[in-house]
Structure formats: structure tokens, C-alpha cells
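Here is how the chains run, residue by residue.
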Amino acid sequence: MIDNIAKIRAPFTGLQDKYYFNYGGQGILPQPALTAIIDGYQYIDKIGPFGMAINSWINTEMEATREVLAHLTQCEKENITLTENVTGSCNIALWGIPWQSGDEILLTDAEHPGVIASCQEIAKRFGVILKTCAITNQTSNILEIISNNLSSRTRLLVISHVLWNTGEVLPLKEICDLCHNYRGAKPLQVLVDGAQSAGLLALDLPATGADFYGCTGHKWLCGPAGVGFLYVKPNLNPPLLPTFIGWRGLDFANPDLPFYDDGRIYEVATSAYPLYMGLRRALEFHQQWGDNQRRYERICQLSEYLWTELDKIDGIQCVTMKPPQSGLVSFYVEQPQHIVNNLEGGRFFLRTLAYPSCVRACVHYFTLESEIETLIKTLRGC
């Protein structure tokens, strides 16, 4: 166990020359994860990139990654599908539902454009109706808002666990219970965009009740870009069908059952396998400082500190009325793009958001209080 934040930061060589506040966009890769990726590629070349020996080794490594992700989210590894990113994960769920004309998808106004675009394409192809409910800065009565927008034709609720624009954490279990107890024409399922939650929140996916939960590895988990995963609740009714089909989803050992009967059914074909090894090493690296809950508590402490100090600056208004229970802190400022551009010139990395038009800063458990103080001082001078 490493208690010293300075020591846990040392392998993040990308932090040495910058003030990084953009973990909600992409995390910084720790050196042990990069080493695992390089070692993986070198080992594959050494043994031979295609053959019985290397294929067996790859299968073992991928299963080890699946087990670590299952442990992270407190589910069974059979419920984990390895993907490339959260958008790909969500698309597996969206396109695997047997849509019929007149079905409804309910979205919130805080969803990511990539997921919205997928739903729009489904609506166009299958005659599905899209509805959007406004929850931004109204999460205190979110259950009422969602309930008022459900109908007998609602087939799927698409919602984020942590809102990417405000950093607010939604009461996911209560939302899922509401949807599953709703008596419509067809079972109502819940797809969760977990882009901002894996590596930030202490997750127990079965306890949330979510039917589908998509995650990415390159944000708060600080893994490489190009890796993610999908959780699918077991014994779904109706079941989720595979849209893309390839050899990785086929159980060659059982000729009577061509598809695996677990999360592997949604996997397709050859991937950049060493990237998954890098993700696993990143997860193992974080565990050196503390468990998921301890890291989350420190993130919330730093987030509150940042929110409080931002709220003291003339010309800045935080988007939320109180510190969000996550690592994302958004704030209003005149000319947000100009501010972000100027900050990046000084090696401060933040980002702008379009809705609402604001600047977003992110803190991780290994962010230093001194970094926050330097950011605040710089913003006062902008």
C-alpha cells in the first residue's frame, strides 16, 4: 500500500510538466500500464503473432482482465463484455434490442452526443420514437421527471450515472426500480452510460439494477484509449441479441451451441490485446493507494475544495448549487473557449462544454491541493 500521494503520482510521467484537469476527457496513463502494453506486443512478436501458444496466452490474459473488471464492478466475469470504448458498449445494447415501430426511447438532456446520434439512427430505421426529458440542474426531482415522461410504449431509458456536463451523480438504483416497476406494453429496460463513473465511483453494478452499463477505460481508470467494457444483467427478458458477430463470440468447443452464453457473445474478432493488459495494470496500480471507496472519498474532498474556491472568484459561477459528488466541476465564465485556450498555453488542461456553455475541470484522487490552488490563482488573473 502506498499512502503518499507524491509516490503514487511519480509513475504518471505525463503529470510532470502540466496541470491536468481533464480526466473526464482522457486520463493520464501511468508508466506501469504503458510498460505492460509494450511488453505485451513484444511477447506476441517473440512467440509468434499467430499460433496455438500465443492464442492460449492471449485468452488467459483477456480472462484475467475480465476478472479484474468484474472485481471493480462487483459482478461476475461472465457478465462482462470487452469492448473498445463506452460508445461501442452502448451501441451493443442499443442495436441488440428487437425494436418495433412505435417503441419509445426516453433520453435525458444530459446525454453524450455519440449516444444521442445512435438513438436517432435507430429511430430513423425502425420508426422508434425519441423523447427527451430535462434533468440538467433538476436532479432533486429526477424520479418525478422520469416518471412523468414514461408511457406504455417506452422500451428503453438511456441515462448517465454521472452527468458529464455538471458532475452530478444520479440515484441509479431508484431510477432502475422505477423503470422496472412501470407497467407498459413491453418490459422497460435501462441503459446506463458509465463513461464518467468507472474509476471515479465505487461501483456495484448488480446492486444498481441496470440492464446494460457501458464503460470506458481511458478516462478515470487512466487506461489506454481503445479499451472499454459492457455489463449486461443476467437473465434478461427479452434477451439482448448480438448485432455484430465474429469468431470471438462463438463457442467452438460446443457445436450444438454456436454462441457463448455469457458476455463474450457480443465480442467480435481480433483486438489490440496488449491494450487490455495495460488497462488491467492501470487498475492494479490504483489499488496500491486504496480501494475504490477510499479513492472516491478523496476525489469528492478535492472536488469540494475546487468548487468552493471557484465560487469565491468574481466573474465565475459554478454550474451546480453545491459541490457535485464526483470529480467533475463545471463553471460559467465569459468567453469559455478563450479562457481554456489561454489556460492551455500555460500548461493547464481543462475543456469547454456546449450545453451548458461552460468550462469543466476534473480532479482525480492523486490531484494535489497545490495544483488546485495554482489553477485558482491563475483564473483570478484571467
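One can find the structure itself at the top, above this paragraph.
We now turn to the structure provided with this report. Just so it is clear, the model here is predicted, and its values are computed rather than measured.

## Quick look at the sheet that holds strand 12 (residues 351-353)
Overall, antiparallel pairing links the four strands, which are arranged 9-10-13-12 in an open sheet. The two strands at the open ends of the sheet, each matched to only one other strand, are strand 9 (317-318) and strand 12. With three bridges connecting them, strand 12 and strand 13 (residues 358-362) associate as antiparallel partners. Bridge pairing in strand 13 links Thr-352 to Val-359.

## Details of the nonpolar core
As a rule of thumb, nonpolar side chains are buried together in soluble globular proteins. In this structure, Ile-159, Tyr-213 and Phe-366 are the most contacted members of the largest nonpolar core, which totals 68 residues. Here this core gets seven residues from one element, more than from any other, and that element is helix 9 (residues 273-286). Filtering out sequence-adjacent residues up to four positions away, Ile-159 remains in contact with Thr-108, Glu-111, Ile-142, Ile-146, Leu-170, Leu-172, Ile-175, Val-190, Leu-191, Val-192 and Asp-193. Core analysis: the next-biggest nonpolar cluster, separate from the first, contains 25 residues, Ile-105, Ile-122, Val-128 and Ile-265 among them.

## Brief notes about the layout of surface pockets
Reported here for the largest pocket is a volume of approximately 540 Å³. What lines the largest pocket is a set of 22 residues, and nearest its centre among them are Ile-58, Asn-59, Trp-247, Arg-248 and Tyr-273. Sorting the residues of the lining of the largest pocket by element identifies helix 2 (31-47), helix 3 (52-73) and helix 9 as the ones contributing at least two each. Looking at the lining of the largest pocket element by element, the count peaks at six residues for helix 3. For the lining of the largest pocket, the residue count by class is 13 nonpolar, four polar and five charged. Counted as a void, the second largest pocket has a volume near 360 Å³. Lining the second largest pocket are 16 residues, with Thr-139, Glu-168, Thr-320, Met-321 and Lys-322 sitting closest to its centre.

The rules behind these values
- Position numbers for residues count from 1 along each chain, tracking the sequence in the order it is written.
- Restriction of local features to residues with pLDDT of at least 70 applies here, the model being predicted, together with a cutoff of 80 or more for giving and counting side-chain atom pairs; totals for whole chains, interfaces and linings are based on all residues.
- Hydrogens and water molecules were not included; the side-chain quantities draw on all heavy atoms of the structure.
- Strands qualify as paired when DSSP identifies two bridges or more between them.
- Secondary structure follows DSSP: runs of H or I at least 4 residues long count as helices, runs of E at least 2 residues long count as strands, and numbering of each begins at the N terminus.
- Residues belong to one nonpolar core when they are buried, are Ala, Val, Leu, Ile, Met, Phe, Trp, Tyr or Cys, and are joined through side-chain atoms within 4.5 Å.
- Throughout this description, buried means an accessible area under 20% of the type-specific maximum (1.4 Å probe, protein chains only), exposed means over 50%, and partly exposed covers the range between.
- Contacts are assigned to residue pairs with any non-hydrogen atoms lying within 4.5 Å of each other.
- Detection works on a 1 Å grid of protein atoms alone, calling trapped sets that fit a 1.4 Å probe cavities and calling open sets with protein on both sides within 12 Å along at least five of seven lines pockets, with lining residues defined by an atom within 4 Å of a point.
- Grid points are joined across faces, edges and corners, and a volume is the space filled by probe spheres set on the points.
- Throughout, the ten residues Ala, Val, Leu, Ile, Met, Phe, Trp, Tyr, Cys and Pro are labelled nonpolar, Asp, Glu, Lys and Arg are labelled charged, and all others, Gly among them, are labelled polar.

Treat this as a map of the structure, not an account of what it does.
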